[in-house]
Structure formats: C-alpha cells, structure tokens
Amino acid sequence: MSIILDISKVDMVFPTPKGDFTALKGVDLQIKKGEFISLIGHSGCGKSTVLNIVACLHRATLGGVLLNNKEVTEPGPERAVVFQNHSLLPWLTAYQNIELAVKQVFKNKMSPAEMKEWIEHNLRLVHMDHAKDKRPDEISGGMKQRIGIARALAMKPEVLLMDEPFGALDALTRAHMQDSLMEIQQKLNNTVIMITHDVDEAVLLSDRIVMMTNGPAATIGEILDVNLPHPRNRLALAEDVEYNRLRSAVLTFLYEKQRKVEVIPTAESTKTTEKAGIKQNTSSVA
Amino acid sequence: MKTTLKNECKKLCRTVIAGLCISGSLLTSSLQAAELGYPEKEELKFGFIKLTDMAPIAIAYEKGFFEDEGLYVTIESQANWKVLLDGVIDGRLDGAHMLAGQPIAATIGYGTKAEIITPFSMDLNGNAITVSNEIWKQMKVNIPKQADGRPVHPIKADALKPVVEKYLDEGKPFNMGMVFPVSTHNYELRYWLAAGDIHPGFYAPHKGDTSGKIDAQVLLSVTPPPQMPATMEAGTIYGYCVGEPWNQQAVFKGIGVPVVTDYEIWKNNPEKVFGITKAFAEKYPNTTIRLTRALIRAAKWLDDNNNANRPEAVKILSQSNYVGADYDVIANSMTGTFEYEKGDVRSVPDFNVFFRYNATYPYYSDAIWYLTQMRRWGQISDDMPDSWYKAIAAKVYRPDIYMAAAQSLVDDKILSKSDFSDLVGEDGFRAPQKHFIDNIVYDGTEPNAYINKFKIGLKAGEKL
Amino acid sequence: MTAVISKKALGIAPMSNNKMIMSFISEKVQALILPMAGIFCFMLLWSLTASSIDTSLGKFPGPHAVATQVVNLIDEHNAERDKADVFYIRQDERNKVRMAKDPSYQPKVRIYTGKETFLDQILTSLVTVISGFLVAAVIAIPLGIAIGLSKTLNTAINPIIQIFKPVSPLAWLPIVTMVVSALYVSPDPMFAKSFITSLITVTLCSLWPMVINTSFGVVSMNQDWVNVSKVLSLPKHVHIQKIVLPASIPAIFTGMRMSLGIAWMVLIAAEMLSQSPGLGKFVWDEFQNGSSQSLSRIMTAVLTIGLIGYLLDRTMLQLQRILSWDKSSAQL
C-alpha cells in the first residue's frame, strides 16, 4: 500500500526564557493508507507535539510533514483531530457541533439535505443519534467523546489524529469506546494516528505501535508491528500468546529501556502510575 | 482700536436717539401699527433659577398667556446662573430669567462674550441680606432699638463692621455668599458693605484676577441661590445676599436672620430681566414681541388689585417644578410682608414689585447703574466716557421692543392705555434717584460723576 | 435504568413525602421569609432612627412619610396627565381658529409642555441608561473582541484603557456638554442635547468594563476550541461569529452587568450635576426646593433608584440565563 503520510526528520525546538528546549529530534515515520498507528511513550516525551505537528497546530523547527507527497503548512480538516478533552463547543448541541464541521468542509459539495443525512449518519456510527439535540454539558464524558469522534469522522479526513481520546474516561467506558472504534475502523478503514498511555489499548487497536524515547530530544525508539487478525476480540486476545508477547514487548520498552527515573513500578502500581501520568498529561495539555 | 470704539459709540448713540424717538412716539398714536403676525418660532424653552422673581414666567405659562400668543413654552429650572447663561448663548434655551448684570456683562465681554438683549425687566426689589445666627448675635448689640425693643431699620453695615474687624483681628477670613459675579446681589451686598465702610474687594480682570478679593475685608464667593441656606448652615459662609425665598427659608429653618432687604438699600431697584440673544430677536421678531406681551400680562396679573392674586401666585410657585419651597415660606415675602428675626414680621408691601412703578420697562438708566457698579469694583478696568455707558445700555436694553409689545396689547384691547400712562414720552432715563441707604443720588445720565461720589470704590481715572 | 428510577421513587415516596414537604417549606422560608424579616427589621430600624434625626427641613423621613409621598407623586402624575389632556384640547381649538383665519396653515400638534412628573423622570432615566448602555455595547464588544484577538492591538490600546478606566465619567461631563452643544447643532433635533449628553456620559462609563471583560473572555478562551476552529480552517469571520463570540458570552455578560450597575449610578449623578431630565434632576430639584416635603421625596427617589438598579441587574441576569450557554456563570 502507498505511503499517505510522511513525517520526515522532524525536530522541534521550543524557545524558553532559560534557552532553547529541544523537544523532538529526528522523528521520522512513514504511514501507509488505512494503517492504524499508536504513539506510546511516557508523559512529556513529545507524543502530543508529534500529533500537533501533523495537524499543523505546531510548526516543526526542522523537517516537515508530507500528506500525499505534499507538504502541509496549515491545519485542515483532511487531518481531523479528536482532542483528549472532546473539545465540543458547549453552546452547540451534538448535532450542531458536527454540523459546524460539515458545513465548513462540504460547503459547496453537499446539499443541505445531504448534509443532514451525513451528520445523522455519523451520529449513528458512534451510536449517538438519540442524543443529537443534547448539549455537551447534558451528556456523559464517553458520549461527549463519541460526538468528538463523529465530528472528526464527518470531515472525511485522510488521516484521523486522536490525542489520547479515551484518556479521561473510566476503564469501563474506555473499553466500550475501544470496541466502538474497532467497529468503525472495520467499516471505514481510516488512516489513524492515536496517542495513548494504555498498553492494552495500543496492542488491541493498532497495526503498528510507535514507541517514543523519553525527552528532551525525544525520538522514535522502536516500532512494533502488530499482526493480530481483525476483527479482534479483547476477551479472546487475553489468552493469546502473540498478544501477550506484544504487550510485554511494549512494557519492556517503557519500563526497562525507557524507565522514568522517579518511579520504579511494580505490577500493582503500574496502573496508578499510568493514571497519574494521564492526569499530569491532561493538565499539561490544557 | 480706539477709533473703532469711538465709531461704535457714535453709531450706538444714534441708535439710542432713534430708539428714544420711536418709543416716545408710541402709545400716542394707536391704530397705526400693522397687526402683529404669527410667531416665527412657536416652541420655546425658557430657563429660570428657583427664585420667586421668576414668577412672571410661571404665571404667563400657568395662566395661558404664552398660549394666547401661540407660543408653546417649556420651562426648565437651571443649576446656576452660569449654566443658564450658557444655555441661552448656545441655544439650548430660547430665553431666560436673568440677572440684570448678565446681558450687560455678556455684551461688554466680561465673562462669556455674547450679544444678549432684554426687552422686559422682570421685577423690582426682592432680595435681602441674611447673616448666620452667630453673626446676628454679635451684630445685634450694635443696632439701636425701637421703643418696642425691635431693631431700628434699615440695619446698616456699620453694625457688622466691628464683627468683621474682630474676625480679621483673629486671623479668620470673613466669607459671605452672593450668587454671581455680575449679579444684582453682588452689587447690593457690596453697596451695603461699602456704605458701612467695609471693603468688599476689587476685581482686576486685566491682570487675570476675577475673584474680586483685592483689598477685601469681606471675601465674597459665588453660591447658587438654592444652596445658600445649606452653605451657610455648613459654616462655609457667614451670610449672603440672595433673592427670595432663600432668605425666608433661613428664618424658617432657624439658621439665620435677614438683616436688610434691597428695598432698604435702594428703594425700587431693578432686579431680574428676561434675556434673549440679539440673534433670536432679529430672527424671530414676532415671537420676541409676543413673548414680551405674555410676560407683561403676567406681571400685570401679579400686581393687579393691590397684589390680590399673590396667594394664587404663591401656590403656583410652590409647585416643585417652579420654586418648590413651602407655600408659607414663599408667601412670607410675596404677600407684602417680610420676616426678619424670627417673629419680627414687618410690612414691606413693595418687597416684590412686578408691574407697578413701570417695573417691567427696561430703563437705560438701570443698565447704566449696573455698569457704574462694574466700574466701581474694577470689573470694568478702564475709564469709559459717559457716552459709552449710554451706548452699551442702548445695545442691551430694548424699550423699543417693550413698547411695541405694549402698543399691540393696547391695540388688541387686552390691556388699557392707562396701564402704560406713565410711559408716554419715556426717554429711558429715570429721574435722579435718591432712595439709597447712603443717601447718594443716582443720575443715569452722568455715570462718571456718580462713580466719583463713593468713598470706597474706583473713581474716574483710577486703575488697579 | 428506568426500572431503577421507578423502584427508587416508589420505595422512597411514601416515607419521605413529609420530609420533602418540610424541605420544600424550609426552602420557601429561606427564599421568602428571611428577606421579609430582613426588610421588616430594616423598616423598624429606619423608622426608629428617622424620628430621632432632626434636620433644618424637619424630621428625617420614615417609611410612613415615604409611603405618603409615593401616593402624592402618583397623584401629581395623574393631575399632570389631566392637565396635558386639557392642553391638547386647547391646542386643537387654537389650531382650528388659526386654520379658519389662515387656510394655508399646516396645523401642528406639539407635545405637552408641562412639568415632568416623577414617573416621567423615571422613564427618562431608564431610556437614557438603556440607550447609553446599548451604544456602549455596540462599541465595546467588537473592540473587546479585536483587542482579545490581536496581541498587537492589545498592547497598543491597553495603556489608553488603563488611563481612561479610572476616570469618573462625571469628570468628562463638562467636556461632553460643551462638545455636544458645539457639534450637535440641528434646527429640529431628534433628541434633546441633554439626552445626548447623559447618553454619552453613560456610554463612557459602561465602555471600559465591557471592553476589558470582553477581551478577557476572548483571551482566556479554551485553547481547544481555537484548535477546533483551526482544524476546520474556519474563515476569520466565521471563527469570530461561531467560536469567539459564543465563547466569550459569559465574560461579556459579566462586563455588561458590571457596566449597567455603574451606568445607573453615574447617570443619576450626572443628571444631578447637569440638570438633565431624569431621576437625578428630581433629587436635585427637591434638594434645592428645600420644602418640608423635599426630604421624604428624595428618600422616595433614593429607594426607587435602588429598586430600579436591582431590577436592571435582575433583567440582565435573566437575559444572561436565556442567552448564555454557561449557566454556572449566570448566578447572582
């Protein structure tokens, strides 16, 4: 399959009052059409920066991003983003949030009736058609994220960028959402880059797992191919040898090769650390 | 500069003479004037200050005299004399109840420069000087008593002099209030003080000094009339000269004692005038005559049948949109009496005169008296010839408009010829007036000679 | 889900019916009876202290005196309306007489020239404050958004705002008055000069809190929403209309409520100072009148001013509740 997105030798340097801070160094990654990529790494390693560079919410200091062999220079709906905090506009209903995107992207390409059908189609896709007239503060966190995903999908993006989409959700909801995402991916076969902290999530959803080294000057450490057959079932996989091998490969990378200095995780405390990390990350993103 | 002034004077003198001839010829030959046309401007706004002498305006409105002339008038109280004058100058107001000195000062450019004229003099007398209880206590011992124990009137400033001197010895400034630098009250208060050998201070506008406190023993400052009692109660001033009802208010509130009325300082002195801009009079001649007609009728109504209408007038004035003070307070001075010290009510039938004694006719000699006082106290810095005084008076005071209005009232049989009988052949100069508190005689035809008669004050040839 | 709820409701209802009524009553007590008690205590204190304060205009007005004046003022208003009716009849007759004499005359109906009653003054002040406030909003909200969006503009304008913000609009009043009389010249003006002057004064004082709050609302807008807009490549005007404006609505309302409160206070003072028609003039006139009724009338006006100020704020609050998505910011 052809390369749709080429992240080419990206460096990212942030100027700070104390001098320049090199966040990323030589990040180089090629993604094929229809591929599902997970970016995993410790918090602060620059995963979100990579995503933001692809979305063009940040500009790389060196190197660049090619989409279909054309360099991207500004944000656009062809690289739709699902934000960690759903980022729904609180003054619009679920329907209107998606409508804002659809109207902008398909301004002269769809009739109003087609737009309406398309919005409702996407709402159905994320099983949210029953709540289309609800405002974000009237629905749960998981529901909000479903709308966020529906909004991104409604833009018919070439690449779907997901920044820890389920990070703020509780474990049960997160599992539901992962299943939904797999179901959607099964239908649409989108090209996806997803940032995650969750090893199980990465293995369950991805075709490739890109593991990043710790910052400063973070870069890609290892890339792990996940050759589990689709559709995947989380219960069946729990017993699967290959699944567990992949899982421990990621864990090994994270907790031995790229161990964070401050924490020495035991099996039990892994989860809490992750959660704490997520929280930390959340606040740093916001 | 000098020649232009001279030319100006000459031109004005001619106007005066022409004016005199016209006014003299009026009333003698009725039925000649063409019928008065409709007013050019019908919706008018007049300003006033809350004083009983605004009565002709209120009465002309309430009795429908304005409407009879086809004028739809809105009457609006003003915060102070400055705001009122500015209102007339900038056109926010079409006309206003003014201090006699205001149109004169505006015309000669003392303060705001603007050409303002008056076709109608609003009243005679109506002011008084009030001092605080504290000052009264100290003054009273210096005043001779009548058989019944009450003070002999008029009370002269001689009684105040020891009090002022005592304050000055103690290093305390003696402050008194008046309502405006060119107000009748300023000149009356100064006249009364100077007659009692107390120096009220000079102005020197050519040096930029318009505070009027040079050489002063008593420091005079401006306070809007309605705030006088409150200002005295607060202790900022020890006394003031103001129109009614603000002297009677002090008696009612028990915060001060009126010591002398302006009737006693100068019997039947001219007080307020009705001021409009010259431009207004020229642009709207019929309106000008018609509003003058309405005001003459109102003044006549106020004095009719020996003040018989006064109680009704007081009732109107006590409405909150006019003077607004209590009926009793206004009635005290408007109905022929005046209360001095609490309980000392004396009959002053002419305290407020609106029509009698040709009160409404704008005499040139009245204007000249104000000019002499402006000169006396330095508001006019330089010597001016007698002809200048007359020329300015003729520019500001417009008996021609008054007489045209009077004539048409007679023609329309609204008023009778006898109402104006004294004015037949009037030349605009009152006969030499004698009834001043210091017995100095005023002859309007000789202003410079008059100025030289005063002990305190600038004399001909003097400049600060 | 539904099953759970109904079970809950069934199980609890009989037992807690009383409790619910009790808590309902106690809520009512707090919302209604406590303020009533407060007002009652205030009245009591007021009438007690009032009778012991003697001024040169008589006793300080107590609640009873104020109540009497309310009746008086309404009576005066009605009396004035009757006078107005007669005025119109008279005017009509005069016009007819003139038409008979002069057929070319175009009769004109002039509005009543009599005095403005207390109720008229209330209306004048209300119209003035709302107009001035709206003018301020029309200027301040776009300006605030522009400042919030552009750092350059913010840096350029901020010092000006900071200098003018603490200036009492009353200090502007003389300048405004002079400028209005110089520039607003028309033979048949649509609005009175005094109205324009008061309006500009109100605008001047409402402007700054609205500009500052609006720009603050824009600056502190959730960055995610800006990113959403960027990803959608929304054009500038759509970005402002669909994202920036709604996002800053809560801050704009905070600024507006603040402004309206200040504007109302300033207007009354400005009316007192410049003698422009309105409640302020009413208060000042009564103070100058110095009649035995003046104090109680002023007290009536003071309470009216307070009540109207309160109602204005409540109206803004209701408006905010209707218009703003952020219900949590629309609290008292």
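Residues numbered from 1 in each chain as written. Chains lettered and ligands numbered in written order. Predicted model: local features only at pLDDT ≥ 70, side-chain atom pairs only at ≥ 80, totals over all residues.

Chemist: Explain the sheet that holds strand E6 (residues 81–82) of chain A here, please?
Modeler: Each strand in a sheet pairs with another by means of backbone hydrogen bonds, the pair being arranged parallel or else antiparallel. Strand order in this open sheet of six strands is E6-E7-E8-E3-E9-E10 (chain A), and the pairing throughout is mixed. Bordering the open sheet on either side are E6 and strand E10 (220–225) of chain A, each of which pairs with just one other strand. (Pairing = 2+ DSSP bridges. Helix = DSSP H or I, 4+ residues; strand = E, 2+ residues; numbered from the N terminus.)

Chemist: So what exactly am I meant to see when it comes to the interface of chain B and chain C here?
Modeler: Residue-level contacts link 24 residues of chain B with 16 residues of chain C. Put simply, the parts of the chain that give the side of chain B that touches chain C at least two residues each are strand E2 (72–77), helix H4 (81–90), helix H9 (228–233) and helix H10 (246–253) of chain B. Of all the elements, E2(B) adds the most residues to the side of chain B that touches chain C, at four residues. Residue composition of the side of chain B that touches chain C, grouped by class: eight nonpolar, eight polar and eight charged. (Contact = placed C-beta atoms within 7 Å. Nonpolar A, V, L, I, M, F, W, Y, C, P; charged D, E, K, R; others polar.)

Chemist: Is there a simple way to explain helix H13 (residues 285–307) of chain B in this structure?
Modeler: Note: α-helices contain 3.6 residues per turn, so residues at a spacing of three or four share the same orientation. Residue and element names in this part refer to chain B. The terminal C-alpha atoms of H13, which comprises 23 residues, lie 32 Å apart, in line with the 33 Å expected from a rise of 1.5 Å per residue. Its maximal kink placed at Lys300, H13 deviates by approximately 30°. For H13, the buried fraction is high: 17 of the 23 residues fall into the buried class. (Expected span 1.5 Å × (residues − 1). Bend = angle between axes of the 7 residues up to and from the residue. Buried ≥ 20, exposed ≤ 12 C-beta atoms within 10 Å, placed from the backbone.)

Chemist: Would you explain unusual backbone geometry in this entry?
Modeler: Only a minority of non-glycine residues have a phi that is not negative, and only a minority of peptide bonds are not trans. Residues and elements named next belong to chain A. With an omega of -10°, the peptide bond running from His230 to Pro231 counts as cis. Examined against the element boundaries, Pro231 turns out to sit in the loop between E10 and helix H7 (234–238). Located in the positive-phi region is Asn69, a residue other than glycine, with phi close to 65°. Mapped onto the elements of the fold, Asn69 is located in the loop between strand E4 (62–67) and strand E5 (70–71). Its identity is not glycine, yet Ala217 carries a phi of approximately 55°, on the positive side. Relative to the helices and strands, Ala217 is located in the loop between strand E9 (208–212) and E10.

Chemist: It is not clear to me how the interface of chain C and chain A should be interpreted in this structure. Could you clarify?
Modeler: Size of an interface, as often reported, equals the accessible area lost when the parts are brought together. Contacts between chain C and chain A engage 14 residues on the former and 16 residues on the latter. Looking at the side of chain C that touches chain A, the elements that each hand over two or more residues are helix H7 (223–231) and helix H8 (236–274) of chain C. Among the elements that make up the side of chain C that touches chain A, the one with the highest residue count is H7(C) (six residues). Along the lines of polarity and charge, the residues of the side of chain C that touches chain A split into eight nonpolar, two polar and four charged.

Chemist: Help me understand the sheet that holds strand E1 (residues 3–16) of chain A, please; the structure alone is not making it clear to me.
Modeler: One open sheet holds the four strands; their spatial order is E2-E1-E4-E5 (chain A), and the pairing between them is antiparallel. Lying at the two open borders of the sheet, with one neighbouring strand each, are strand E2 (19–32) and E5 of chain A.

Chemist: Looking at this model, I keep getting lost on H7(C). Mind explaining?
Modeler: Among the residues making up H7(C), those that are buried are C:Trp225, C:Val228, C:Ser229 and C:Val231. Mapping the buried residues of H7(C) onto a view down its axis gives an arc of 165°, with all of them on the same face. Residues of H7(C) that are buried make contact with helix H1 (47–55) and E6 of chain A together with H8 of chain C. Of the residues flanking the end of H7(C), it is C:Ser233, one or two places downstream, whose phi is positive at about 50°. (Arc of directions from axis to C-beta.)

Chemist: Any chance you could explain the domain arrangement of chain B here in plain terms?
Modeler: Residues and elements named next belong to chain B. The domains assigned to chain B are domain 1 (2–123 + 271–336 + 350–451) and domain 2 (127–265). Spacing between the C-alpha centres of domain 1 and domain 2 amounts to 27 Å. Taken together, the contact between domain 1 and domain 2 spans 33 residues of the former and 32 residues of the latter. Taken together, the elements giving at least two residues each to the side of domain 1 that touches domain 2 come down to helix H5 (101–108), helix H15 (327–334) and helix H16 (364–376). Among the elements that make up the side of domain 1 that touches domain 2, the one with the highest residue count is H15 (four residues). Classifying every residue of the side of domain 1 that touches domain 2 by side-chain character gives 17 nonpolar, eleven polar and five charged. (Domains from an automatic or database assignment.)

Chemist: Sorry, what's going on with the domain arrangement of chain C here?
Modeler: Per the domain assignment, the segments making up chain C are domain 1 (2–52) and domain 2 (90–329). One C-alpha centre belongs to domain 1 of chain C, the other to domain 2 of chain C; they are set 38 Å apart.

Chemist: Just checking my understanding: could you explain the packing of helix H3 (residues 118–149) of chain C against H8(C) for this structure?
Modeler: A packed helix pair is summarised by two numbers, namely the angle formed by the two axes and the spacing between the axes. Residue and element names in this part refer to chain C. Their axes nearest at 8 Å, the elements H3 and H8 cross at an angle of 140°. Between H3 and H8, the crossing angle belongs to the class labelled oblique. For H3 against H8, the interelement crossing comes out right-handed. Where H3 abuts H8, its residues Ser125, Thr128, Val129, Gly132, Phe133, Ala136, Ala137, Ile141, Ile145 and Leu149 lie against Ile240, Val244, Leu245, Ile252, Met256, Ser259, Leu260, Ala263, Trp264, Leu267 and Glu271. (Axes fitted to C-alpha atoms, helices over the stretch in contact; angles between N-to-C directions. Parallel < 35°, antiparallel > 145°, perpendicular 65-115°, else oblique. Left-handed = near helix turned anticlockwise from the far one by under 90°.)

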